[in-house]
Amino acid sequence: IRALARRADLLFTAGVLVLAVGRVLSLRRGRAAIAAPLLLPAAVLACLLGLVVHQATFELTVRLEGGVRVASAALPSAAGFAGGFLLGCLAAAALLAAPVDLAALARRLQVGIAVFILAVFAALAVVGSGPGASGARINLGPIQPIEAVKPLFVVFLAAFLGARAAKLRWQRQRLLGLRWPRLELLVPAAAVLVLILAGLFLVGDLGPVIVLALVFLGIFFLVTRATGWPLVALGLVGAALLAMARWPGLVDVGRVATRIRMWRDPFTNALTHGHQLGEGLWAIAAGGPLGQGLAQASTPLVPAGKTDLVLATMMEQLGAAGLAAYLALLGVIALSGFRVAGRSRTSDRVLLAGGAALLLIVQWAVIHAGTLGLLPLTGIVVPFLSLGRSSMVAFLVVVALIARVAADGPTRAPSVELDELRRGTRGVAAVAAGLLVVGLAAGANVALRARDRISAQPILSRLRDGTLVSRPNPRLLAVAAQLRRGTLADRHGTALAVTRGGRRDYPLGAALGTLVGAYPSRVLLPPWALERVFDHRLRGYGERQGGPSVGSPPQRLAAPDLRPFVPLLALPPAERRRRVRALDDDIAARSVRLSLDARLQRQVAALLQRRVGAGRQLAAAAVVLDVDTGEVLARVQAPDLDPNDRGWQERLAARDAAFAPRFTGAYGAWPDKTGVQGHYQSGSVGKLFTALAAARRGFAATGSGCDARAAVEYECAERDAQGPRFTRPGWPRPVHDHVRDPIHGRLDLGQALAVSCNVYFGQLALALGPEPLRDLRRLGVEVGYGGPRPLDPGAAGSRQLASTGFGQGAMVMSVVQAARLVAALGAGGRYRRCPATLAIGAPCPEQPLVADPAAVGPILAGMRRVMTAGTGRGLHAPAGVRVYGKTGTADVRGFAGEAPFGITPAQPAAPHSWFVALAEPEAVPPCQLRAPGRLAVAVVVPRGGSGASAAGPLAMEILAALRGLGYLAPGR
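Residues numbered from 1 in each chain as written. Predicted model: local features only at pLDDT ≥ 70, side-chain atom pairs only at ≥ 80, totals over all residues. Heavy atoms only, no water.

Draft legend 1. Expanded view of the overall build of the protein chain. Secondary structure assignment for the protein chain yields 32 helices and 28 strands. Counting the 972 residues in the protein chain, one finds 57% classified as buried. Taking the contacts inside the protein chain whose residues are at least 6 apart along the sequence as the reference set, 71% of them involve residues at least 24 apart. (Helix = DSSP H or I, 4+ residues; strand = E, 2+ residues; numbered from the N terminus. Buried < 20%, exposed > 50% of the residue type's maximum accessible area, 1.4 Å probe, protein only. Contact = heavy atoms within 4.5 Å.)

This is the structure:
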């Protein structure tokens, strides 16, 4: 970068010396020159300002080296800019020193100049090219001949109209208080204007056409001083712009239609290349009064930020003050040109100097208005600031034209003809000065008054593949990126996800992987991942309400709300850094505490990982709930991803065929096996749901405590080779209990729960009918896959309804759902559903499921009998802990997500193993309807076998871990 900067300095210095030599040679002709002492110094200073901007404007590139992204900065434009300046100074010096009369030469060559201009347009129309896929035709190889056309057009008009100035001043008449060209002159002038506008369809670029049209208007006014002519001509140009704005398809050549639509709506045009104007306005607004400072432009740069939109780049670094400095220098150059024109000795010299000054003002005004969104953005450069050799040569030649006319000396004798031209020159000079003032005011308006609104406005943009995105201001994103991401902490304040040294760290690793997610992530995190759920809070800003909308009916696109950071852009860099540090230090405001207990999460994860890691099981999942609050204390699955190891993201993003199926399959590390995706056939755990529906329906109960009984009895009196059975006429097959189960005889609810009798619960569901089951689901008790789809337990009297009653059919659950169901039974029939966000203290809606808590007494007593005399009697609860439990063994054939794990879809496979438990200290009287300190535990081991053989022992180990951590202690 330093080498390029030194080279640029040398080239620029050489250009200044060359120009000085040319100026000295021009003065040696001895003719009394028109004084224009500031003309060339102002031009050099304007170019120096451009060099400073290019020296301070870095471009970032990123490349891969050995798989590592390496960023580097480059400064390619400064040397190119200085090289163009040197070439321009050589051309200007040659023009200054040439021993010929330029005005006379122009008169002799005017036909050749006209032919050359026409030839250039014809060549561009046939073989011209443009940058990228713009569709414009402004280049012939490495040069832009349209830049040479502009000063030659001025020379041609000066020679052609200068020779006819004396005649043209009389070709006017008064109408409505204004001077108008006579009809025989107005018609040809309007025809010339139309021909110039027709050039739009030849070159496909609006900028050069508008510049040439306005230069023609100005020079024609200088000659005729017909004040009505500019009104007609500007009216024609304005009508053309309005027509293009209303019907952009009329000029669907090159990128003109895109620029017209972009002019109408800089921020929400949703065009593939429609973001350029909005990004330029962002840069200007960021500059404010004094700018962000040299070398402080946002990267990547504004599109065309070194050529068409260099004013935006300059104003971002130097602010409105930089614009004022540039316009002051441009004003000195232009007004010097008008002064030289007003004192020149022949009409063609007046038009030559005045036309050259007018060209500079028009060129600046068109691109300045386009940069601010006042006119359509055009593909032209900013005089003396933009990168481009052709344009730099052209503008320095224009300045040399003015200097050469000045060197030819003042008028020899006054004349009416020259007086008329001088009056016209003063009028045009006044308009030019007014444009400079208005231009400064308009730029200052964006940089000062409208900066907050513009800076906060996102851009609706369309990617190459057609995807619509809302892009926020990168300067605000850069501020936001300096804030450390907030901490995810457990209920005791222990970090679960924390930013250290610029890297996101997850202390629990694979003990809390899928649930928390990873940040940053190369793949889209699932909707339950807490890094995604709390993204707005953790990053320190939310989504913008009422953002850009697309489609019909309109749909809002997500847009980050960065408006709180907008005021920081107006601060000096040091103060901004201080304020950002203060915001960063307030990390507590961006942090979230969860209801999880990190110690418990880690221990439960170790238990599950040991069982899965030993190869005995494919997967396991467990949830622990606080019955008193409904909050989740632990939510664990195995296998689980390790968010500290980003290798899985690389392999998943690369769609590794050997890795992805097992990683994302039903028992891989990616799916959520505890909630959203972890739905399994519930088996006998679902009998608790049927029992609760019966309790809600109402049944006669006797006894209390562990002796509570429900007077709902059914017979289990038949069996066949497959075990105890029950059937009805028309059923395809009976309901069976386990083949080794005996005939149980007549059972009540508690006994049926204890022995897990399918025959009993099938008959109970048939007696209830489907509506009580549906009502319980409508009350909010979650079973099934959730969402708006209602529970379909089966028609009255159907085999499907009986199956649902004992935990098959429609009775599927996740471990979270199962834990909430058990917690409701331990809370006297009050169902709590805390948000899936797990935020501690978040409101947990509570729904009473039964009118009298005593209605759940028989269910609680039956769950206790499961542990003392039923299917869970072989499980050993930790010392000092009383357990109310329910085993579940869910038969289900293989499904598609299990294929990567060797389970054939639709074929018989091992059953899912379930166990749910309600635990309390033994010091608490048994079987109370409600008791403080209870915990609910749900465990599922997919394809693990019977509930008592896999999930049950794992649940007892979890209860022991709880006891070791101080839970389930008396008085807790």
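Draft legend 2. Region of interest: the sheet that holds strand S21 (residues 735-736). Spatial strand order, S19-S20-S21: three strands in an open sheet with antiparallel pairing. Because the sheet does not close on itself, it has two edges, and the strands there are strand S19 (718-720) and S21. Examined bridge by bridge, strand S20 (residues 723-726) and S21 share two bridges and lie antiparallel to one another. Following the sheet pairing, phenylalanine 726 is matched in S21 by valine 735. Each of S20 and S21 is contacted by helix H27 (residues 758-768), which is oriented at about 10° to S20, the strand it contacts most. (Pairing = 2+ DSSP bridges. Axes fitted to C-alpha atoms, helices over the stretch in contact; angles between N-to-C directions.)

Draft legend 3. Structural detail: the pairing of strand S26 (residues 881-890). Extensive coverage of S26 is indicated by the burial of nine of its ten residues. Two elements, S26 and strand S27 (residues 912-921), share ten bridges in a ladder whose sense is antiparallel. Paired with lysine 886 across the strands is valine 916, a residue of S27.

Draft legend 4. Geometry of the sheet that holds S27. The sheet built from five strands is open, its strands ordered S14-S13-S28-S27-S26 with antiparallel pairing. Among the strands making up the open sheet, the edge pair consists of strand S14 (632-638) and S26. Going from strand to strand, the sheet's axes swing by 10° on average, the running direction of each strand aside. Direction of pairing for strand S13 (residues 620-626) relative to S14: antiparallel, over a ladder of six bridges. Considered in S14, the bridge of valine 624 is made with alanine 634. Each of S26 and S27 touches helix H31 (residues 857-869); the most contacted strand, S26, lies at about 85° to it.

Draft legend 5. Highlighting a nonpolar patch on the surface. Nonpolar side chains collect at one region of the surface, where Leu45, Leu48, Val52 and Leu294 lie side by side and expose about 290 Å² of accessible area between them. With respect to the helices, strands and loops of the structure, leucine 48 is situated in helix H2 (residues 39-55). (Patch = residues over 30% accessible without salt bridge, like charges linked within 9 Å, V, L, I, M, F, W, Y side chains within 5 Å. Areas by Shrake-Rupley, 256 points an atom, 1.4 Å probe, with all protein chains shown as cover. Salt bridge = Lys/Arg side-chain N within 4 Å of Asp/Glu carboxyl O.)

Draft legend 6. Region of interest: the side chain of glutamine 617. With respect to the helices and strands, the residue glutamine 617 is situated in the loop between helix H22 (598-613) and S13. Those residues within four positions of glutamine 617 in sequence are excluded, and the remaining contacts are Arg611, Val612, Val941, Pro942, Arg943, Gly944 and Ala950.

Draft legend 7. Representation of the side chain of serine 455. The residue serine 455 is located in helix H16 (residues 451-456) in this model. Judged by relative accessible area, which is 2%, serine 455 ranks as buried. Each residue touching serine 455, except ones within four places of it in the same chain, is listed here: Trp282, Ala285, Ala286, Asn473, Leu476, Val566 and Leu569.

Draft legend 8. Highlighting the pattern of salt bridges. For the structure on display, the rule yields 39 salt bridges. One salt bridge in this structure joins aspartate 656 and arginine 651, with 3.2 Å as the shortest N-O distance. With a relative accessible area of 25%, aspartate 656 lands in the partly exposed category. Taking relative accessible area as the criterion, arginine 651 reaches 38% and is therefore assigned partly exposed. Glutamate 771 is paired through a salt bridge with arginine 778; the nearest N and O atoms lie 3.0 Å apart. According to the relative accessible area criterion, glutamate 771 is partly exposed, its value standing at 39%. Several salt bridges share partner residues, and in doing so they unite Arg485, Arg504, Glu531, Asp535, Arg539 and Glu543 into one network.

Draft legend 9. The arrangement of the state of the cysteines in detail. Tallied over the entire structure, the rule returns two disulfides. Across a sulfur-sulfur distance of 1.9 Å, cysteine 706 and cysteine 927 are joined as a disulfide pair. One quick way to see it: the torsion about the S-S bond of cysteine 706 and cysteine 927 is about 90°, and its sign makes the bridge right-handed. Of this pair, cysteine 706 sits in the loop between strand S16 (701-702) and strand S17 (709-710) while cysteine 927 sits in the loop between S27 and strand S28 (935-941), placing them 221 residues apart in sequence. Cysteine 706 sits in the partly exposed class, given a relative accessible area of 27%. A relative accessible area of 6% places cysteine 927 in the buried class. (Disulfide = S-S within 2.5 Å.)

Draft legend 10. Local environment of the pairing of S20. Examined bridge by bridge, S19 and S20 share three bridges and lie antiparallel to one another. Counterpart to arginine 719 in the pairing with S20 is proline 724. Between S19 and S20, which pair antiparallel and follow one another directly, the connecting turn spans two residues.

Draft legend 11. Representation of the packing of aromatic side chains within the structure. Here the structure, examined in full by the defined rule, presents 13 aromatic pairs. Here tryptophan 648 and tryptophan 670 contribute two aromatic rings whose centre-to-centre distance is 5.5 Å and whose plane-to-plane angle is 45°, an arrangement assigned as tilted. Of this pair, tryptophan 648 sits in helix H23 (residues 647-653) while tryptophan 670 sits in the loop between helix H24 (660-664) and strand S15 (680-681), and the two are 22 residues apart along the sequence. Tryptophan 670 carries the same exposure label as tryptophan 648, and that label is buried. Members of the aromatic cluster, connected to one another through ring pairs, are Trp648, Phe659, Phe663 and Trp670. Above the ring of tyrosine 519, the side-chain terminus of arginine 485 is found at 3.8 Å from the ring centroid. (Phe/Tyr/Trp six-rings, centres within 6.5 Å; stacked < 30°, edge-to-face > 60°. Lys NZ or Arg CZ within 6 Å of the ring centre and 35° of its normal.)

Draft legend 12. Summary view of the packing of helix H1 (residues 2-27) against H2. It is at 12 Å that the axes of H1 and H2 come closest, and there the two elements cross at 170°. By the angle between their directions, the pair H1 and H2 is classed as roughly antiparallel. On H2, the residues touching Ala5, Ala8, Asp9, Phe12, Val16, Leu19 and Arg23 of H1 are Leu40, Val44, Cys47, Leu48, Leu51 and Gln55. For the contact of H1 with H2, the residue count by class is ten nonpolar, one polar and two charged. (Parallel < 35°, antiparallel > 145°, perpendicular 65-115°, else oblique. Nonpolar A, V, L, I, M, F, W, Y, C, P; charged D, E, K, R; others polar.)

Draft legend 13. Quick peek at the packing of helix H4 (residues 102-127) against helix H5 (residues 145-162). The contact between H4 and H5 brings their axes to 9 Å, and the two run at 145°. You can see that H4 and H5 cross each other, and the crossing is left-handed. Where H4 abuts H5, its residues Ala106, Arg107, Gln110, Ile113, Ala114, Phe116, Ile117, Val120, Phe121 and Leu124 lie against Pro145, Ile146, Val149, Leu152, Phe153, Val155, Phe156, Ala159 and Phe160. (Left-handed = near helix turned anticlockwise from the far one by under 90°.)

Draft legend 14. Representation of the nonpolar core. Counting residues in each nonpolar core, the largest one holds 140 residues, and the members touching the most others are Leu488, Phe689, Tyr760, Ile958 and Leu962. For this core, the element with the highest residue contribution is helix H30 (residues 815-826), accounting for nine residues. Ignoring any residue separated from it by four or fewer positions in sequence, one finds tyrosine 760 in contact with Val712, Glu713, Tyr714, Leu747, Asp748, Leu749 and Ala752. If you look at the next biggest cluster of nonpolar residues, it comprises 123 residues, including Phe220, Leu281, Leu351 and Ala406. (Core = buried A, V, L, I, M, F, W, Y, C linked by side-chain atoms within 4.5 Å.)

Draft legend 15. Spotlight on helix H25 (residues 687-697). With nine of its eleven residues buried, H25 lies for the most part within the structure. Where H25 is concerned, the buried positions are Lys687, Leu688, Phe689, Thr690, Ala691, Leu692, Ala693, Ala694 and Ala695. Two residues or fewer past H25, glycine 698 is found with a positive phi of approximately 105°.

Draft legend 16. Structural view of unusual backbone geometry. Put simply, tyrosine 519 and proline 520 share a cis peptide bond, and its omega is -10°. Looking at the secondary structure, you find proline 520 in the loop between strand S9 (503-505) and helix H18 (530-533). Cis peptide bonds are those with omega within 30 degrees of zero, and the linkage from alanine 638 to proline 639 qualifies with 0°. Position of proline 639 among the secondary structure elements: in the loop between S14 and H23. A positive phi angle, close to 60°, is found at alanine 304, a residue other than glycine.

Draft legend 17. How the structure looks around the environment of tyrosine 785. Looking at the secondary structure, you find tyrosine 785 in the loop between helix H28 (770-778) and helix H29 (799-805). On a C-alpha basis, the gap between tyrosine 785 and glutamine 677 in space is 8.5 Å, while along the polypeptide they are 108 residues apart. Once residues within four sequence positions are removed from consideration, tyrosine 785 is found in contact with His679 and Val812.

Draft legend 18. Region of interest: the environment of leucine 157. With respect to the helices and strands, leucine 157 occurs in helix H5. For the pair leucine 157 and phenylalanine 216, spaced 59 residues apart in the sequence, the C-alpha separation amounts to 7.8 Å. In contact with leucine 157, other than residues within four places in its own chain, are Gly162, Phe216, Ile219 and Leu351.

Draft legend 19. Representation of the environment of arginine 611 in the model. Tracing the chain through its elements places arginine 611 in helix H22. Each C-alpha atom of the pair arginine 611 and alanine 950 lies 9.3 Å from the other, and the pair is 339 residues apart in sequence. When residues no more than four places from it in sequence are discounted, the contact partners of arginine 611 are Arg616, Gln617, Ala950, Pro953, Leu954 and Glu957.

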